[in-house]
Structures are given as C-alpha cells and as structure tokens.
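Each chain is listed here by its residues.
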2 protein chains.
Amino acid sequence: MSETYVHGYHAREGERLQDQAGTLVDLLHSDTAYPGGSLVLEAGCGVGAQTVTLAQRSSDARFTSIDVSADSIAEARRRTDAAGVTNVEFRQGDIFALPFGPGSFDHVFVCFVLEHLSRPVEALVILDGLLKPGGTITVIEGDHGSAYFHPDSAAANAAIGCQVELQRRAGGNSLIGRELYPLMAEAGLDDVSVDARMVYVDASRPDLVDGFTRKTFTAMIEGVREPAIAAGLIEPKSFDDGVRDLHRTTEADGVFCYTFFKGVATKRRRAGASFQEVASA
Amino acid sequence: MSETYVHGYHAREGERLQDQAGTLVDLLHSDTAYPGGSLVLEAGCGVGAQTVTLAQRSSDARFTSIDVSADSIAEARRRTDAAGVTNVEFRQGDIFALPFGPGSFDHVFVCFVLEHLSRPVEALVILDGLLKPGGTITVIEGDHGSAYFHPDSAAANAAIGCQVELQRRAGGNSLIGRELYPLMAEAGLDDVSVDARMVYVDASRPDLVDGFTRKTFTAMIEGVREPAIAAGLIEPKSFDDGVRDLHRTTEADGVFCYTFFKGVATKRRRAGASFQEVASA
C-alpha cells in the first residue's frame with residue numbers, strides 16, 4: 001500500500017482502532033470463520049485491530065497478516081502476543097507488490113484498507129489472484145457519508161466533511177462502503193454478495209454511546225483537527241463546534257447512526273483451470 | 001390528524017404505497033404479531049398499505065383502523081375486502097380527537113404517521129392513554145436523511161431536500177426516523193426500544209432495485225415535483241437532474257441505501273393503577 005494514510009499510525013489512533021474493534025467485533029466478524037488448516041491472508045492488518053479477533057475465531061486456520069508499515073506490524077505483533085495468539089505470521093509488504101504466487105491462499109480478508117487506496121479495484125484483482133479456486137475474499141469498509149444523527153448539525157457535517165476531503169486528497173475514499181458491490185464486481189470477483197451492517201446508537205445502548213459514538217467515530221473526527229485546519233478546510237471554531245455537536249448526540253435524547261459494509265466473493269473453479277489448481281481445490 | 005399531508009391521497013401515491021408495502025413487508029412486519037382476541041388500534045391507516053399485512057399476520061386479533069380521510073378509508077376497505085380480510089373495522093377519526101376511552105386497546109400500531117404531525121409527542125401520549133397496562137405501542141417511521149447512494153449526486157440530494165422542506169412547511173418531519181427513541185421517551189412511554197431496519201440495494205437484488213429504489217423512493221421524490229417548483233424551492237431542470245440521478249442508482253453499478261426505524265414500548269402496570277386497570281390487565 002504505497003499510499004498516504006489519514007489515520008492509522010499514531011498512538012491515540014491505535015487506541016481508537018482498538019476501541020472500535022472491541023465494540024464492533026460481533027457486528028463485523030460474527031459470520032467470518034475459516035476451516036481448520038486453511039491459509040488466510042489478512043491484507044493490511046495495520047496495528048492488528050482485527051487480527052486477534054480473526055485469529056481467535058478461526059483458531060485452527062493459519063494467518064499471514066501483512067502491512068506496509070513496520071511500526072504497525074510491531075504493534076500488531078505485540079497485541080497478538082499479549083492475547084496468546086499463535087496462528088498468525090506477520091510480514092511487511094505492499095499489497096501492490098506482494099511476494100506470493102498465484103493461488104497461495106485459501107482465503108483473503110481485507111478490512112478498512114480499500115478506503116486508503118487510490119486503486120482499490122486493482123488491489124482486489126491482485127488479491128483475487130492469490131486465491132485458490134473455491135476460496136473467498138472478504139472485504140469490510142465503513143462509509144462516513146452514512147453517518148447521521150440527532151440533533152442534526154451542519155457544523156458536525158462540516159467537520160466530518162473535512163475527514164472525507166483529507167482522505168480524498170490522500171488518494172483514498174471515505175465513502176467507499178456504499179461502493180463495495182460495484183468495486184468488487186468491477187474487479188471481476190465471482191458471486192459477490194454485500195450487506196450493510198448498521199450501528200444504531202441511542203441512550204438505551206450506553207456501551208455503543210461510549211464505545212462507538214464517542215470513542216470511535218467522534219474521536220476519529222477529532223483526530224483530523226490539525227490537518228484540516230492546516231489545509232485551510234475549516235476554521236478552528238467551526239471544527240470545534242462540529243465536534244461539540246457530535247458529542248451532543250451522546251446525550252440522553254441523542255441518536256447516532258453509521259453503517260459498515262461487508263462483501264464476500266467466492267472464486268469459481270473455472271473450466272480452464274490448471275491441473276495444479278484442480279488438484280489443490 | 002388535522003394536518004396537511006405531503007403525500008397519501010392521490011391514486012399514484014396509493015400505488016406507490018402499495019408497492020412499498022409489498023416490498024418491505026418482511027423488513028417492517030416480521031416481528032409484529034398480536035395474540036388471538038386482542039384488540040388493536042391502527043392509528044392512521046391511510047389507504048391501508050399496512051392494514052392487510054397487519055390483519056393477516058394476526059388473524060385472530062381484531063383491528064380498529066382509523067384515518068382522518070374518508071377517501072383513504074374507502075380505499076383501505078376496498079383493499080381489505082379484496083384480500084378477504086374480515087378482522088378489521090374502519091372508522092374515520094382524528095388522532096387528536098378519538099372517540100375511545102382510556103385503556104380501550106390491548107395494542108396500538110402507528111406506521112408512517114408521526115412524520116406528518118406537528119405534535120408527534122402529543123399524539124404518542126394520547127395513543128398511550130388508549131392502551132391497557134401491559135399493552136404495546138409500535139411505531140414505524142422512515143428518515144429521508146438516511147438516503148445515500150452511488151453514484152452520489154448533489155442534484156439528487158437537492159431533490160430529496162425539496163420533499164423534506166415541503167414536509168417541514170406542512171408541519172411534518174421527514175427526518176423523524178432517527179428521532180423515534182427520544183420522541184417515545186419524551187412521551188413518557190415505558191421500556192422503549194428502537195431498532196433500525198436498513199434497506200440496502202445493489203444490482204444483485206433486482207426486486208429491491210425495482211420495488212424500492214425505483215417505485216418507492218424515487219417515485220415519492222418525483223411526486224413532489226410540482227409542489228416543489230410551485231413553492232420556488234428548485235428550478236425544474238435541477239429537480240429533473242436529481243430524479244435522473246436517482247434513477248442512475250438503479251443501474252448495474254448503482255447502490256441505494258435507506259433506513260426505517262421501528263420502536264416498541266410496553267405500558268407498565270403501575271402501583272397506582274385503578275382497580276379497573278388491574279382487573280382488565
């Protein structure tokens with residue numbers, strides 16, 4: 001991933017991603033489990049926010065988790081070690097220049113990665129090429145344009161818009177969730193199925209108020225304050241008003257909505273498959 | 001409901017609501033069934049878009065379906081008769097002036113009604129007063145601000161904004177779905193629980209592309225073309241561009257998202273309840 005990241009590297013961001021992973025585990029992972037013995041590529045593991053969950057939920061599968069950042073991998077390794085996870089091998093690598101041959105993996109898992117890439121379809125084509133016939137590729141992305149809330153606030157939407165614009169300038173797409181199906185289809189993946197995983201938060205769900213609205217989404221927006229102001233996208237007061245209004249949605253009469261999208265494709269066994277592919281299927 | 005409606009009365013609207021009801025039946029109704037012998041008030045049945053489903057799913061319950069419009073009731077009766085439904089009694093009436101005493105009903109069902117009311121909390125208080133202790137009130141609403149799509153389009157959002165503004169000028173609220181929990185809480189309803197029912201539409205779901213994106217949501221927006229232009233909210237070309245872009249989301253690489261909200265509250269048996277209430281519970 002030779003791309004610039006808007007988030008993912010700093011210590012506070014690491015905490016945020018950990019909080020997010022903890023709150024959203026069931027929503028995002030409940031239907032992902034790989035058979036014993038299967039070899040799974042986690043492409044773009046970052047600081048390992050999903051890695052422990054992935055590996056624990058498929059404890060008899062073997063994971064190869066790659067990321068372009070050595071620092072992120074060091075943090076991810078620290079986390080998996082702390083959790084006693086032993087079925088993950090980490091390697092530093094770029095999705096666009098991976099040291100794996102065709103059909104190297106039974107399954108591929110990609111979470112919160114395509115949003116950072118200027119060529120997401122190309123990444124999907126490359127990852128699909130690493131799959132054995134019959135294998136699956138699972139893709140999870142958010143969509144910051146799916147965020148809406150009560151009380152509504154133009155200032156909060158402007159602050160969110162700063163994150164979207166910074167991500168866009170860095171070559172990424174914070175609105176990619178809604179595009180998952182057409183992107184996977186354009187990449188030529190087989191039997192694509194996408195569904196929406198909405199997070200609905202009201203005062204009757206205090207864990208989500210704190211874990212998602214406050215510590216995940218609002219913290220992420222707060223994290224772009226300095227770059228947004230430095231880029232001249234917004235005045236400090238306007239940004240701070242927006243963050244204040246996002247916090248306002250965590251009060252007793254507030255509501256917050258956000259949606260993740262999860263897509264799965266299953267690589268078909270093709271008539272023209274090589275003997276090696278057929279034999280290994 | 002002595003309120004002005006933005007939609008609900010015209011023949012084409014009737015068709016739209018019927019299409020909507022057909023496509024969304026499972027999403028909205030799958031968890032609503034009333035015990036045999038219970039007396040259920042459907043408040044604001046309109047042209048009966050939900051009535052046949054409601055009555056068929058609880059065939060041993062008895063429904064009283066009211067609406068402020070005699071024309072709508074005539075259409076609703078035609079529909080239930082055509083479906084062979086015999087457990088619904090229709091009455092013309094205004095939610096704010098109903099001819100029923102306290103505790104008249106075991107359950108209350110209100111769908112796509114609060115969005116039209118300038119005093120939704122007052123309506124909920126009145127309906128709650130008609131409930132016996134232990135009874136439930138179920139409320140379903142959409143939220144037009146929950147609509148987002150691919151390709152994104154400022155023109156489409158402007159056309160949707162016209163519907164929202166017209167509804168607001170008529171005293172209603174097209175963004176009410178996200179507010180359901182705080183409104184039900186403010187009305188003092190007991191044990192309020194709200195969840196989100198998202199409609200996610202991509203090309204792999206052709207029934208929803210046609211039944212929801214095209215014939216429900218886009219048709220509804222198309223339906224406000226004349227009043228929006230007459231009110232000076234938008235130029236004809238801009239509106240038509242927006243509608244064109246909504247149709248664009250029904251193509252093979254398009255995606256459309258919308259969310260309904262469903263809330264249920266259960267009336268508590270209170271320590272200070274009258275002997276009559278306790279006896280009838």
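Model, not experiment: these values are computed from the prediction. By convention here, each chain's residues receive numbers from 1 onward along its written sequence. Working convention: letters from A go to chains and numbers from 1 go to ligands, in the order in which they are written. The model is predicted, so local features are restricted to residues of pLDDT at least 70 and side-chain atom pairs to those at 80 or more, both for listing and for counting; the totals for chains, interfaces and linings are taken over all residues. Heavy atoms throughout the structure, all of them, feed into the side-chain values; hydrogens and water do not.

A.B. asks: Give me the overall build of chain A: which residues, what numbers.
C.D. replies: Numbering goes from the N terminus for both helices and strands, where a helix is a DSSP run of H or I of at least four residues and a strand is a run of E of at least two. Scanning chain A from terminus to terminus reveals 10 helices and 8 strands. When a residue's accessible area, from a 1.4 Å probe over protein chains only, is under 20% of the maximum for its type it is buried; when over 50% it is exposed; and in between it is partly exposed. Buried positions account for 58% of the 281 residues belonging to chain A. Note on contacts: a residue pair is in contact if any heavy atoms of the two residues lie within 4.5 Å. For chain A, the share of sequence-separated contacts (at least 6 apart) that also reach a separation of at least 24 residues comes to 81%. Reported accessibility uses the Shrake-Rupley method at a 1.4 Å probe radius. Residues are deemed covered only where the shown protein chains occlude them. When the accessible surface of chain A is split by element, carbon and sulfur atoms take 49% of a total near 11,100 Å².

A.B. asks: Give me the lowdown on the pattern of salt bridges, citing residues and values where you can.
C.D. replies: A pair can form between side chains of opposite charge whenever their charged atoms are brought close. Residues and elements named next belong to chain A. Criterion for a salt bridge: a side-chain nitrogen of Lys or Arg within 4 Å of a carboxyl oxygen of Asp or Glu. Scanning the model with the defined rule gives 46 salt bridges over all chains in all. Put simply, Asp 106 and Lys 132 hold a salt bridge, and the shortest N to O gap is 3.5 Å. Note that Asp 106 is positioned in strand β4 (residues 105-111) and Lys 132 in strand β5 (residues 131-141), a separation of 26 residues in sequence. Here Arg 244 makes a salt bridge to Asp 241, at a shortest N to O gap of 3.3 Å. Here the residue Arg 244 and the residue Asp 241 both occupy positions in helix α9 (residues 236-248), the gap between them amounting to 3 residues, near one helical turn. For Asp 241, a relative accessible area of 17% gives the class buried. Here the residues in one salt-bridge network are Asp 31, Asp 195, Arg 197 and Lys 262, joined through shared partners.

A.B. asks: If you had to explain unusual backbone geometry to someone new, which residues and values would you point to?
C.D. replies: Residues A:His150 and A:Pro151 are joined by a peptide bond in cis, for which omega reads -5°. Position of A:Pro151 among the secondary structure elements: in the loop between β6 (148-150) and α5 (154-169). With a phi angle near 55°, B:Phe112 is a residue other than glycine that sits in the positive phi range. Relative to the helices and strands, B:Phe112 resides in the loop between β4 (105-111) and α4 (120-129). A relative accessible area of 13% means that B:Phe112 is categorised as buried.

A.B. asks: Please give an account of the interface of chain B and chain A that cites residues and values.
C.D. replies: Of the residues lining the interface, 27 residues belong to chain B; the matching set on chain A comes to 27 residues. Here the quantity called buried area is the total loss of accessible area, with a 1.4 Å probe, experienced by two parts when brought into contact, counted for both. Buried surface at the junction of chain B and chain A, both sides included, amounts to about 2,100 Å², of which 64% is carbon and sulfur. Considering only the side of chain B, the residues that lose the most area to chain A are B:Tyr148, B:Arg178 and B:Tyr181, jointly responsible for 31% of the buried surface there. Between A:Asp152 and B:Arg178 there is a salt bridge whose closest N-O contact spans 4.0 Å. Side-chain atoms alone can form a polar contact between residues adjacent in sequence; in general such a contact is a pair of N or O atoms within 3.5 Å, and within protein one must be able to donate a hydrogen while the other accepts it. There are 4 residue pairs in polar contact (both at pLDDT 80 or more) connecting chain B and chain A. Those elements that place two or more of their residues in the side of chain B that touches chain A are β6 (148-150), α6 (180-186), β7 (193-202) and β8 (255-266) of chain B. Here the element with the most residues in the side of chain B that touches chain A is β7(B); it accounts for 6 residues. Of the residues that constitute the side of chain B that touches chain A, the class distribution is 14 nonpolar, 5 polar and 8 charged. Gly falls in the polar group here, along with every residue not listed as nonpolar (Ala, Val, Leu, Ile, Met, Phe, Trp, Tyr, Cys, Pro) or charged (Asp, Glu, Lys, Arg).

A.B. asks: Explain the packing of α5(A) against α9(A) to me, and be specific about the residues and the numbers.
C.D. replies: Residue and element names in this part refer to chain A. Axis angles are defined between N-to-C directions and span 0 to 180 degrees, where every axis is a line fitted to C-alpha atoms and, for a helix, only to the segment in contact. It is the contact of α5 with α9, at a shortest axis distance of 7 Å, that shows an interaxial angle of 110°. Here α5 is positioned roughly perpendicular relative to α9, judged by the angle of their axes. With respect to the hand of their crossing, α5 and α9 are arranged in left-handed fashion. Contacts between α5 and α9 pair Ala 155, Ala 156, Ala 159, Ile 160 and Cys 162 from the former with Ser 238, Phe 239, Asp 241, Gly 242, Asp 245 and Leu 246 from the latter. Roughly parallel covers angles under 35 degrees, roughly antiparallel covers those over 145, roughly perpendicular covers 65 to 115, and oblique covers all other angles. Each helix crossing is assigned a hand: it is left-handed if the near helix lies turned anticlockwise from the far helix by less than a right angle, otherwise right-handed if that turn is clockwise.

A.B. asks: Could you give me a rundown of the layout of surface pockets, with the residues and numbers involved?
C.D. replies: Quantified by volume, the largest pocket comes out at close to 600 Å³. Surrounding the largest pocket, 24 residues form its lining, A:Gly145, A:Asn157, B:Gly145, B:Ala147 and B:Asn157 being those nearest its centre. At the level of elements, β6 and α5 of chain A together with β6 and α5 (154-169) of chain B are the ones that each hand at least two residues to the lining of the largest pocket. Among the residues forming the lining of the largest pocket, the class breakdown is 12 nonpolar, 8 polar and 4 charged. Put simply, the grid is 1 Å and covers the protein atoms alone, a cavity is a trapped set of points that fit a 1.4 Å probe, a pocket is an open set with protein on both sides within 12 Å along at least five of seven lines, and lining residues have an atom within 4 Å of a point. Grid points are joined across faces, edges and corners, and a volume is the space filled by probe spheres set on the points.

A.B. asks: Please give an account of the pairing of β4(B) that cites residues and values.
C.D. replies: Residue and element names in this part refer to chain B. With 7 of 7 residues buried, β4 lies mostly within the body of the structure. Note: strand β1 (residues 39-43) against β4, 3 bridges, orientation parallel. Note on β4: the bridge partner recorded for Glu 42 is Phe 109. Pairing between strands requires that DSSP locate at least two bridges from one strand to the other. As judged from the 6 bridges shared by β4 and strand β5 (residues 131-141), these two strands associate in the parallel manner. Bridged to His 107 within β5 is Thr 136. Orient the strands so they point away from the viewer; a crossover is then right-handed if the path from the first strand over the helix to the second runs clockwise. Between the parallel elements β4 and β5, the chain passes through α4 in a crossover that is right-handed.

A.B. asks: I'd love a proper account of the nonpolar core, names of residues and values included.
C.D. replies: What we call a nonpolar core is a set of buried Ala, Val, Leu, Ile, Met, Phe, Trp, Tyr and Cys residues that are connected through their side-chain atoms within 4.5 Å. By size, the foremost hydrophobic cluster in this structure holds 74 residues, and its most contacted members are A:Leu41, A:Leu127, A:Ile137, B:Leu41, B:Leu127 and B:Ile137. What A:Ile137 contacts, discounting residues up to four positions off in sequence, is A:Val108, A:Val110, A:Leu124, A:Leu127, A:Leu131, A:Met184, A:Leu189, A:Gly263, A:Val264 and A:Ala265.

A.B. asks: How would you summarise helix α3 (residues 70-82) of chain A if you had to cite specific residues and measurements?
C.D. replies: Residues and elements named next belong to chain A. The end-to-end C-alpha distance of α3, which contains 13 residues, comes to 18 Å, matching closely the 18 Å that a straight helix rising 1.5 Å per residue would cover. Put simply, Ser 69 is the residue that caps the front of α3, since its side-chain oxygen is 3.3 Å from the backbone nitrogen of Asp 71. Directly beyond the C-terminal end of α3, a positive phi value near 75° is found at Gly 84. How far a helix is expected to stretch is found by multiplying one less than its residue total by 1.5 Å.

A.B. asks: I'd love a proper account of the relation of the copies chain B and chain A, names of residues and values included.
C.D. replies: For these two chains of identical sequence, chain B goes onto chain A by a turn of 180° and a shift of 0.0 Å along the axis, with RMSD 0.0 Å. Such a combination of rotation and displacement between the chain copies is what one expects of a two-fold axis. Of the interface residues in chain B, 100% have counterparts in chain A that sit at the interface too, so the contact is made through matching surfaces. The superposition of copies rests on a least-squares fit of C-alpha positions from residues with pLDDT of 70 or more in both.

A.B. asks: Go over the environment of B:Asp190, please, and point to the residues and values.
C.D. replies: All names here are of chain B. Checked against the element boundaries, Asp 190 lands in the loop between α6 and β7. Each C-alpha atom, one on Asp 190 and one on Thr 136, is 9.3 Å from the other, the two residues being 54 residues apart in sequence. When sequence neighbours within four positions are dropped, the list of residues in contact with Asp 190 reads Ala 265, Thr 266, Lys 267, Arg 268 and Arg 270. A polar atom in the side chain of Asp 190 sits 2.7 Å from the backbone nitrogen of Arg 268.

A.B. asks: Explain the packing of aromatic side chains residue by residue, including any values.
C.D. replies: All names here are of chain A. Under the pairing criterion, centres of Phe, Tyr and Trp rings, with the six-membered ring standing for Trp, must be within 6.5 Å; the plane angle then separates stacked pairs below 30 degrees from edge-to-face pairs above 60, leaving the rest tilted. What the rule picks out here adds up to 22 aromatic pairs over all chains. Ring centres of Phe 112 and Phe 260 lie 5.7 Å apart, and the angle between their planes is 45°; this geometry places the pair in the tilted category. Placement of Phe 112 in the loop between β4 and α4 (120-129) and of Phe 260 in strand β8 (residues 255-266) is noted, with a sequence separation of 148 residues between them. In this pair, the class of Phe 112 matches that of Phe 260, namely buried. An angle of 50° between the planes, with centres 5.5 Å apart, marks the rings of Phe 217 and Tyr 258 as tilted. With Phe 217 in helix α7 (residues 206-222) and Tyr 258 in strand β8, the pair connects residues that are 41 residues apart, well separated along the chain. Taken individually, Phe 217 and Tyr 258 each receive the classification buried, so the pair is uniform in this respect. Three or more aromatic residues joined by ring pairs form one cluster here, namely Phe 112, Phe 149, Phe 212, Phe 217, Phe 256, Tyr 258 and Phe 260.

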